[in-house]
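Inside the fold
Listed below, chain by chain, are the residues.
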Amino acid sequence: MSITSSDPVITSYAQAPTRRLSAGGVTFAYRELGPKAGVPVIFFVHLAATLDNWDPRIVDPIAKDHHVITFDNRGVGASTGEVPDSVEAMADDAYAFIRGLGFDKIDVFAFSLGGMVAQALVVKHPELVRKLILTGTGPAGGKDIDKVAGTTYYDILRATLTRSDPKEFLFFNRNATGKLAARAFVKRLQERTVDRDTPITTKAFRTQLKAIKKWGRSAPADLSKITQPTLIANGDNDRMVPSVLSEDLHRRIEGSELVIYQDSGHGGIFQFHQKFAPVAVGFLAR
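Read on for an overview of the structure.

Quick notes on the rules
- Residues numbered from 1 in each chain as written.
- Predicted model: local features only at pLDDT ≥ 70, side-chain atom pairs only at ≥ 80, totals over all residues.
- Heavy atoms only, no water.
- Helix = DSSP H or I, 4+ residues; strand = E, 2+ residues; numbered from the N terminus.
- Rg over C-alpha atoms; globule rule 2.2 N^0.38 Å.
- Contact = heavy atoms within 4.5 Å.
- Areas by Shrake-Rupley, 256 points an atom, 1.4 Å probe, with all protein chains shown as cover.
- Lys, Arg positive; Asp, Glu negative; His and termini not counted.
- Charge placed at Lys NZ, Arg CZ, Asp CG, Glu CD.
- Phe/Tyr/Trp six-rings, centres within 6.5 Å; stacked < 30°, edge-to-face > 60°.
- Buried < 20%, exposed > 50% of the residue type's maximum accessible area, 1.4 Å probe, protein only.
- Pairing = 2+ DSSP bridges.
- Axes fitted to C-alpha atoms, helices over the stretch in contact; angles between N-to-C directions.
- Salt bridge = Lys/Arg side-chain N within 4 Å of Asp/Glu carboxyl O.
- Core = buried A, V, L, I, M, F, W, Y, C linked by side-chain atoms within 4.5 Å.
- 1 Å grid on protein atoms, 1.4 Å probe; cavity = no way out; pocket = protein on both sides within 12 Å on 5 of 7 lines; lining within 4 Å.
- Points joined across faces, edges and corners; volume = space filled by probe spheres on them.
- Expected span 1.5 Å × (residues − 1).
- Arc of directions from axis to C-beta.

**So, the overall build of the protein**
Helix and strand content of the protein: 10 helices and eight strands. The C-alpha atoms of the protein give 17 Å as radius of gyration, which agrees with the globular expectation for 286 residues (19 Å, within 12%). Reported as C-alpha extents along the three principal axes, the dimensions of the protein are approximately 50 × 40 × 35 Å. Contacts spanning at least 24 positions in sequence make up 73% of the contacts within the protein whose residues lie at least 6 apart. When the accessible surface of the protein is summed, it comes to about 12,000 Å², and 54% of that surface belongs to carbon and sulfur atoms. If you average the places of the 36 positive and of the 31 negative side-chain charges in the protein, the two averages end up 4 Å apart.

**Considerations on the packing of aromatic side chains**
All chains considered together, the criterion is met by 19 aromatic pairs. Note on Phe-109 and Phe-276: the rings are 6.1 Å apart at their centroids and 70° apart in plane angle, and the pair reads as edge-to-face. Of this pair, Phe-109 sits in strand S5 (residues 106-111) while Phe-276 sits in helix H10 (residues 273-285); the two residues are 167 residues apart in sequence, bridging distant segments of the chain. With respect to class, Phe-109 is no different from Phe-276; both count as buried.

**What about the sheet that holds strand S7 (residues 230-235)?**
The sheet built from eight strands is open, its strands ordered S1-S2-S4-S3-S5-S6-S7-S8 with mixed pairing. In this open sheet, the two edge strands, each paired with only one partner strand, are strand S1 (18-23) and strand S8 (257-261). Neighbouring strand axes in the sheet, compared pairwise and without regard to direction, differ in orientation by 25° on average. Sheet topology places strand S3 (residues 41-44) next to S5; four bridges connect them, and they run parallel. Following the sheet pairing, Phe-43 is matched in S5 by Phe-109. The sheet strands contacting helix H2 (residues 87-100) are S1, strand S2 (26-33), S3, strand S4 (68-71) and S5, and the helix crosses S1 at an angle near 105°. Strands S3, S5, strand S6 (129-135), S7 and S8 of the sheet are contacted by H10, whose axis makes an angle of about 165° with S6.

**Points about the side chain of Lys-131**
Relative to the helices and strands, Lys-131 resides in strand S6. Here Lys-131 occupies a buried position and makes no salt bridge, while the nearest side chain of opposite charge, Asp-107, is found at 6.2 Å. Other than its neighbours up to four places away in sequence, Lys-131 contacts Ile-106, Asp-107, Val-108, Pro-229, Phe-283, Leu-284, Ala-285 and Arg-286.

**Thoughts on the nonpolar core**
Among the nonpolar cores identified, the biggest contains 88 residues, and Phe-43, Phe-44, Ile-62, Ile-98, Ile-106, Phe-109 and Phe-276 are the most heavily contacted of them. The element contributing the most residues to this core is helix H3 (residues 113-124), with seven residues. Every residue in contact with Phe-276, bar those within four places of it in the chain, is listed here: Ile-58, Phe-109, Ile-133, Thr-135, Leu-231, Ala-233, Tyr-261 and Ile-269.

**Points about the layout of surface pockets**
The space that makes up the largest pocket amounts to roughly 640 Å³. Lining the largest pocket are 28 residues, with Ala-48, Asn-53, Pro-166, Lys-167 and Ile-200 positioned closest to its centre. Going through the elements one at a time, helix H4 (148-161), helix H5 (166-170) and helix H7 (202-217) are the ones with two or more residues in the lining of the largest pocket.

**A look at helix H6 (residues 176-188)**
With 13 residues, H6 extends 19 Å from end C-alpha to end C-alpha; this agrees with the ideal 18 Å at 1.5 Å per step. Residues of H6 that are buried include every one of Gly-178, Ala-181, Ala-182, Phe-185, Val-186 and Arg-188, and no others. The buried residues of H6 all sit within an arc of 155° when viewed along its axis, so they share a single face. Opposite the buried face of H6, at more than 90 degrees from it, the exposed residues are Ala-176, Leu-180 and Lys-187.

**Structural notes on the pairing of S1**
The alternating pattern of S1 places Arg-19, Leu-21 and Ala-23 on a buried face, while none of Thr-18, Arg-20 and Ser-22, on the opposite face, is buried. Pairing of S1 with S2, which is carried by six bridges, proceeds in the antiparallel orientation. Counterpart to Arg-19 in the pairing with S2 is Tyr-30. Connecting the antiparallel pair S1 and S2 is a turn made up of two residues, with Gly-24 showing a positive phi of about 55°.

**Considerations on the environment of Asp-144**
Structurally, Asp-144 can be placed in the loop between S6 and H4. The partly exposed category is assigned to Asp-144, whose relative accessible area is 25%. The sequence separation of Asp-144 and Ile-253 amounts to 109 residues, and the corresponding C-alpha distance is 20 Å.

Below you can see the structure in the form of structure tokens.
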């Protein structure tokens, strides 16, 4: 059933129905919420993540006044096909999906691997993107990005030994504040109880890690090409995609804004969602 304008507007991510769209030989799974007017905000998700990995405390405030769309890239979650082994190919899939929805102008909210895909997309299709939010991410050729796989496997092992979610180790500091924030975050991801997404397969996850390694070892892109208003955010102690890379992006993208949250890691925007969500909302509203 297609939603018509007389249907009530869904503003809770936990209640957004999962939809399907076929484009570029892939059937993409996606969710949409918020008023269907203006420039949509497309969310680009992180390594190993599916539709269920977005923090509702970030999505819901943005969906209050914006048309928000989250999606599973090719071969991830409920989307069909095989995961590409390069960030650029992921960006091509994202482009096919966005054009398949009929949009010729979007805002981007991207986190981690999603931020890499978003950079590749905006460099290739600058006319498509109006505004860019890059969080917990780094540029092509960024220092130590190729070490993400090692850090990830190490933290997955630590999490397995303590029967925790790997994100508690990968996204948050292991001090009292970080542990508390980690548990709260993982709990929020469980708020959706029906129509949950399919978890990523090990093969797809490994291919994503290969793509990140390639991105880290590739030649730096010319980020002066990015002229869109850009908001960059991270924690001050990101072990996955080192925080210095957020500063690197900020230096290279002219006119960009940088927000760094103290005493937080890769998931700084989730730990400080009460501060960050209004910043993102304000940025998109300008």
